[in-house]
Structures are given as structure tokens and as C-alpha cells.
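Okay, here's what each chain looks like letter by letter:
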Amino acid sequence: MSKKSSKRKSPSKPSEKPQVVASGGVLGSLLKKVGVSSDEKLLSKLNDDERQTLVELTGQLEQLIEANESANKEQIDAQNRIKSDIEQASKDSQEAKAKLQSLKIKEESLASQEKELLLKASELSTKEKSLLEQAANAKAGFALERQVSLESLKAEYQKVEEKIAQLDEERRQKELENLELLAKSESVVREQQDARFQEIKRKLQDDKDALDARQLELDRKVDKNDLLQAELEQKHAAHAAMKKQVIEECQREIQSEKLALQKQLELLEDYRNRDQKEIMNLTGRLRDYKELEREAKIKELGTPSGILQRIDELEKELKQARNKLKGRSEDSLEEELEHYKERVDDLEEELRDLKQEHDEVKLREGKYKLSVREKLELQKQKDLLEVSNAALTHSVEAVKSQLDDLVEKQQSQEAFKELTLMDRKYREPVAAQPVNSLKEFTEELQHRIAISTDVELYYELDLLRKFIAGLALSPLHVFQGISGTGKTSLVNAFAAAVGGEVTTVPVQAGWRDRDDLIGHYNAFEKRYYEKECLQGLYKAHTPSYEKRFNIILLDEMNLSRPEQYFAEFLSAMEQNEQKRKVVLMDSSVANPPKHFVEDRKLLLKTNTWFMGTANHDETTFEFADKTHDRAFILDLEKQVKPEGWSAQAKKRTVFDFESVDALFEKAQKNHKQLVLGMLKILTTSDFTKILERQFDIGWGNRLEAQALKFISVYKDCGGHEADALEHLLITRVLRKGKVLGRYDISIDKLKELKSALSKMFASVNGTGAKAIDIIQSEITRKEEGVY
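Note that the coordinates shown come from a computational prediction; the quantities given were computed from them, not determined experimentally.

## Brief notes about the overall build of the protein
In step 1: In terms of regular secondary structure, the protein is built from 23 helices and nine strands.
In step 2: Sequence-distant contacts in the protein: of pairs separated by 6 or more residues, those separated by 24 or more amount to 81%.
In step 3: Looking at the protein as shown, the accessible area adds up to about 47,200 Å², and 50% of this sits on carbon and sulfur atoms.

## Topic: the packing of aromatic side chains
In step 1: One pass over the full model with this rule turns up 19 aromatic pairs.
In step 2: Both rings, one in Tyr426 and one in Tyr545, keep their centres 5.1 Å apart while their planes meet at 90 degrees; by these two values the pair is edge-to-face. Taken together, the residues Tyr426 in the loop between helix H8 (417-425) and helix H9 (438-450) and Tyr545 in the loop between helix H13 (532-539) and strand E5 (550-555) connect sequence positions 119 residues apart. Pair check on accessibility: Tyr426 and Tyr545 agree, each one buried.
In step 3: Taken together, a centroid distance of 5.5 Å and an interplanar angle of 85 degrees make the contact between Trp511 and Tyr565 edge-to-face. Here the residue Trp511 occupies a position in the loop between strand E2 (501-506) and helix H12 (515-518), and Tyr565 occupies one in helix H14 (residues 562-565), the gap between them amounting to 54 residues.
In step 4: A residue is classified by how much of its surface remains accessible, and Trp511, at 10% relative accessible area, is buried.
In step 5: For Tyr565, a relative accessible area of 0% puts it in the buried group.
In step 6: Linked through ring pairs, Phe467, Phe479, Phe494, Phe549, Trp609 and Phe657 together constitute an aromatic cluster.
In step 7: Between the NZ or CZ atom of Arg527 and the centre of the ring of Tyr529, over which it lies, the distance is 4.3 Å.

## Quick notes on the nonpolar core
Buried together is how nonpolar side chains tend to be arranged in soluble globular proteins.
In step 1: Counting residues in each nonpolar core, the largest one holds 75 residues, and the members touching the most others are Ile468, Val739 and Leu757.
In step 2: A per-element tally of this core places helix H10 (residues 461-473) first, with eight residues.
In step 3: Setting aside residues no more than four positions away along its own chain, Ile468 makes contact with Phe441, Thr442, Leu445, Phe494, Phe664, Val713 and Cys717.
In step 4: If you look at the next biggest cluster of nonpolar residues, it comprises 39 residues, including Leu419, Leu554, Tyr565 and Leu604.

## With respect to the pairing of strand E4 (residues 527-530)
In step 1: Covered by surrounding structure in E4 are Tyr528 and Glu530 only, the residues Arg527 and Tyr529 on the alternate face being uncovered.
In step 2: Sheet topology places strand E3 (residues 519-522) next to E4; four bridges connect them, and they run antiparallel. The residue bridging Tyr521 from the neighbouring strand is Tyr528, located in E4.
In step 3: Between E3 and E4, which pair antiparallel one after the other, the connecting turn spans four residues, and Lys526 there sits at a positive phi close to 50 degrees.

## What to know about helix H22 (residues 747-763)
In step 1: For H22, built from 17 residues, the straight-helix expectation of 24 Å at 1.5 Å per residue is met to within 8% by its first-to-last C-alpha distance of 25 Å.
In step 2: Leu750, Leu753, Ala756, Leu757, Met760 and Phe761 are the residues of H22 that are buried. All buried residues of H22 project into a common sector of 135 degrees when viewed along the axis, lining one side. Opposite its buried face, H22 presents the exposed residues Asp748, Lys759 and Ala762, each directed more than 90 degrees away.
In step 3: On its buried face, H22 sits against helix H18 (672-683), helix H19 (686-694), helix H21 (721-732) and helix H23 (769-784).
In step 4: After H22 finishes, the residue Asn765 shows a positive phi value of roughly 65 degrees.

What counts and what doesn't
Residues numbered from 1 in each chain as written. Predicted model: local features only at pLDDT ≥ 70, side-chain atom pairs only at ≥ 80, totals over all residues. Heavy atoms only, no water. Helix = DSSP H or I, 4+ residues; strand = E, 2+ residues; numbered from the N terminus. Contact = heavy atoms within 4.5 Å. Areas by Shrake-Rupley, 256 points an atom, 1.4 Å probe, with all protein chains shown as cover. Phe/Tyr/Trp six-rings, centres within 6.5 Å; stacked < 30°, edge-to-face > 60°. Buried < 20%, exposed > 50% of the residue type's maximum accessible area, 1.4 Å probe, protein only. Lys NZ or Arg CZ within 6 Å of the ring centre and 35° of its normal. Core = buried A, V, L, I, M, F, W, Y, C linked by side-chain atoms within 4.5 Å. Pairing = 2+ DSSP bridges. Expected span 1.5 Å × (residues − 1). Arc of directions from axis to C-beta.

Given below as C-alpha cells:
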């Protein structure tokens, strides 16, 4: 008993009291620091382990408070950064507005410069017209002066003759009177005549010199006019290049500003999404704290003071039990002691459980207090975030509004910017020289093509006849041949020789529809992306080019299938001239270009041709029958210039397309009966019957219309009609896939076809040598087993 009582009193030794007070003071200060009220009585009842545990928990609580404060600081910093980003976005928006204003000023200055240049061009054109009129008047004036001077000289000469006759009569009358006087008179008269003749001769020479001087002066004026015209063209070209460069710079600046605004908008959206995620996270934490509060209320003890009160009650019961033990017998005491030992063990175990529960409740109480504070802080943060979110939303809406204004401003511009610019740039008509004879035009064209480039080009006269006749046959030309035979050079040289225009369009592999060729409409920007082909087609409508030859050069046109990207144009070629329309848009636009039809369609002018070059290798496609039947096909071979041939110098000029087109119509009327007779011979010949029977090939209305145009024009160009028919048969029938290169055609059928073709050409006064040689080559290959 004494040992147990000594053990019970050991915790309350006087030597340990100062440590308890010190610990309680430190602990109280820690609890006050974290915002929890301390109870001295309660703290004095705790042992060292409990105090140490409470100190550790308080330290952890302090760390949590510091972490919470640092999180609050980070949140405040993030809000400050968001505010600065909003201010920066506002500044960037103002800068963008300023740049747009400067761009508008630049556009206005460019427009004023363009007006000045147009005024100067009109002045130069007026001067040119006046010089030409002066030149014409001068030429006419010189002719009149010459005629007047000749008439005056004739009159003077007649007067001289009359005077001579009169003097002769006087001489005869005085001859009898005085022979000496007569002789003297004759010598005087002769001297006067010689002097008069010398004077007349001198006067004529002076008139001639004056005329030569005036002619030299006129030539100098013409040369000066040419120099002024060249200078004007250079100024036009420089102005166009400068304007194009400025426009491109403006477009690049607008695009960069647009991208910058879009990036800022995306950044603001990211900030907004991040803040929304943080708000959701904090809201979840608040729900967790409410759940913890609810669990704390469910427990029986409720608070740490209730647990301590329960401990005091248990100690009082223990003292009362000890007092009852006094005066009892040892046996009863031992029995009761054993009972109480068990009871004490139970109570100690219960006390340990209660202490554990007390610790848990205390911990939960601290967490609860912390959660209440955090809840208040989170509520404040939530309010701040909501305010920040509202500010960000307002800023985003402002940026969107600015972006919409920019887009609307861009959309308010003209949908066809380049075509509208052509209406202003090419509004002055150009004088063109008419063509009076297709034969002379073709022969002259051979020399003009030769000198049109730096390198002298030579093309046979018969090839040029076919080329000119092909212009009448179809608006689509296909030039075939190995590389280096001059396919592209022929197109460019012809355009330069006649003063025409060439728009080169490099065809790309993978083209599928007409948008790849002429461009497409962007409904968002309300702008049509006009490609080179569309600009070339529209240029043919302008006054500066409506009388010229206009060519769209499709370079390597079979890198993709023309039947796909060129399908709409192939269909339009089947219509008459007024129905050859290309539909650019489904609905009309505001301020369409001047030469549009129904505000959304473009008419294919008759002075426009599509000319394509084609190579045949593993990277290209073969032309379908649809393309072959609608096009003029020309196979080019290497051209060899004859020895001694040289090009004659020709002055550069612009030839009038309308006069050439009129000659095409005239040729068809003049040779219609001849061509129809040839076609009758062809359709009733054995050659046609063999084609129908053995090769399943027949003639249609298209061939008749094409033959009428091609053969008539070819004949007027100086060729023989049978050669023109031969070319049509070679390109339409005697090609690979039709008659040649077929495994189901025997040698006998080809020989029969060759014989019938020879007879048919004899009927039209031709030889058909090239066509017969082609069939013979196919027969030879089959005989040798080569395919």
C-alpha cells in the first residue's frame, strides 16, 4: 500500500512544479499565437507527454496558419498579375486602334497619289494625241505646200515659155532691121533665161531643204513622243509596284495585329479557366470543413472541458472508495481490493480511452476552429475571385468587341479587291492596228515572233497557220511535245508579237476543283481570294485589254486532271458567246466589279484563250476524250531554221483582235461550201465506214462546226484545205487509245484503214502523207511485236 501511494504521489513533486509552469507559459503563448484561448487549470492537469503532444500540435497548427497566409499572399499576387494583364490588354487594344488609324491614313494618301498619277497619265495621253495630230497635220501640210510650190513653178515656167516666144517674135521682126542688134538681143535673152532657170532651180532646192528640215523636226518630235510614252509606262509600272508593296505591308500589319489580339484573348480565356478551377477547388474544401463540423457535434463528450470534468469525477470516486477502506478487515479488504484493482484497471483503461478520445476531440476542435477561419478566408477569396472573374469577363468582351470591329471593318471592304482595282487601273482604251489579211498577218507573224524575245525564235509557217486556225477552232489549246520544243515560248512569243497579254498559271499536282484555279470566297471575311487565273480573265474585259489577245497559260496542265479542276470551263465552252459564264458566288455582293454579270458571274470573253502545255511521263495524267474533243491539239517538234533565213525588223504594235475575229467569220462564209463538200466526202468514204465498223468511231456535230472554222481559216492563212483536214483527223482519231496503241486491232484492219484513208485524201486533192505514215508506223510496230 505504501509503495502504491508513493507511486501515485510521484507526479506532484515540488521539484517538477517550475517546469510545469514554464511549459504552461510557453504552451499558453503558442495557443494565443494561433488564436485559441488557454485554460490554466486545464493545462496544469496535463502531464509532460500530453503537454509535449499539445506543443507539437500547436506548432503544426502554426505551420498550417503560415502556409495559409502564404497561399493568401500568392492569391493576392495572382490577382495583381491578372489586373496588370488586363491593363496591358487595354493598352494593346489602344495601340491596335492607333495602328488601324495610321493604316487608314496611309490608304487615303495612296488613293490621293493614285489620283495624281492618273491625272498625269491623262495629261500625257492628251499631249500624245496632240503630237500625233500635229504630226498628221504636218504631213498633210507638207503635201499641200509641195503641191502649191509645184503649181507655182509650173506657172512661172509657162510664163517663161511665153516670154521666150514673144522674144522670138520680136527677134524675127527686127532681124531685117539690124542683125547685130538681133544677135545682141538673143544673147541677152539667153542670159536672162539661164539666170531665170538658175533662180528657179535654187528656189526648188531651198524648198526641198526646208521640207527635209521640217521632216527631221517631225521625226524628232515623234522620237520625243516615244520617249515620253516609255517614261509614262515606267512611271505606271513603278506606281503599281509601290502600291502593291504598300498594300501587302498593310495586309501583313493587319494580320499580325489580328493574331496578337487573338493570342491575348486566348491568354485571358486561360486565366479565366484557371480561376474557375481554383474557385471549384476552394468550394470543395468548404464542403469538407462543414462535414468535419457535423462529425464533431455527433460525439458524446463534445468539448475538452467535459472530458476533464469527467476525470475529476472519477478521482473523487476513487478518494471516496479509499475512505471506505479504512477500518475494514484484511480479508474483506483484500477481496474488495481485488475487486477495486479490477475496477481500477477498468477505470484506467476507460481513462486511457477517454484521454485518447480527448486528444482526438481536441485535435478536431483545433481543426474546427481552423476550418472556420479558413472558411471565412475562402469566402473572401471567393468574393475576390468573383470580382476578378467579372473584370476578366468584361475585358474579354471588350477584346471580342474590338476584334469584331476589326473584322467588320475588313468585311466592309470590297470583296473583289484586285478586280475593282483593275477597273480603275485599266480604264483607258489602247489604240490597236487592224488586220486586213490573214495570210499577210501569218507571214508577218513569223518575223515578229522571231524578234519578240532576246533569243531569235523560228517556227515553220505551216505551224503558225495551224496556230492561227486553232484560235478560231476552240478557246482551249493544248501544246504537246518533249521538253525544249518551244511550247511555252510559242505562247509568250505570240502574245509579245501581237501586243497581247499572258497570265501564267502553274498547275499543281492534287488540284481537284475550280477553286484551285480561280480562288474561293471567304464568308467570314467577306472577301474573295482572287488567283492569277481569275485576274487574267477579268483583265480581258477592261478597256485597256478588250481589243487585245488575252491568254491564260496553264503550265503543265496535266499534272492534275483537267476534267476535274477545269470542268466548269469545259462546259462553258459548249455554250454560245453570251452564255459562257462562270459562277463565282451563290449570291451577289455589295460593290461588285464593273464587268460582272448579275453581280456574281463572269463572262468568258471571245478574246481570251486557255493555252496549256503538256508532258507525258509517270507524273502526269492522260487527257480524257472530253478534253481532246473540245480542244485544239498541236504537237510541237524541234524547229530547224533554214540556212540564210533571217527575221525582218518590225515595229512593235498592238493588233486589233476584233479585226482578226471578223476575218475568221469572213473565211467561214467564203469557204463554207468547200468545207461542207469535204465533210460529205469524209462521211461517205470507206474510211469512215471502217472506223464505224471496226473501231466504233463516228463523227458528230462538233466535228462539223470545228472543221468549218479550222479549215476555212487555215486556207485563208495560205494553207491547203486537205492539210487542215489531215490535222483534224490526226488529233481526233489517229491518236493513242482511238486507233493507235490498241491490242484488239489487227494488222489487216490497219492496212485496210490505210488504203481507205489514201483514197479519201485523193478525193479531196490531198496526199495525207503524215496520217498515212502514222498508220504505217503502227503497222510496223505490230509486225515487229512492239507495243
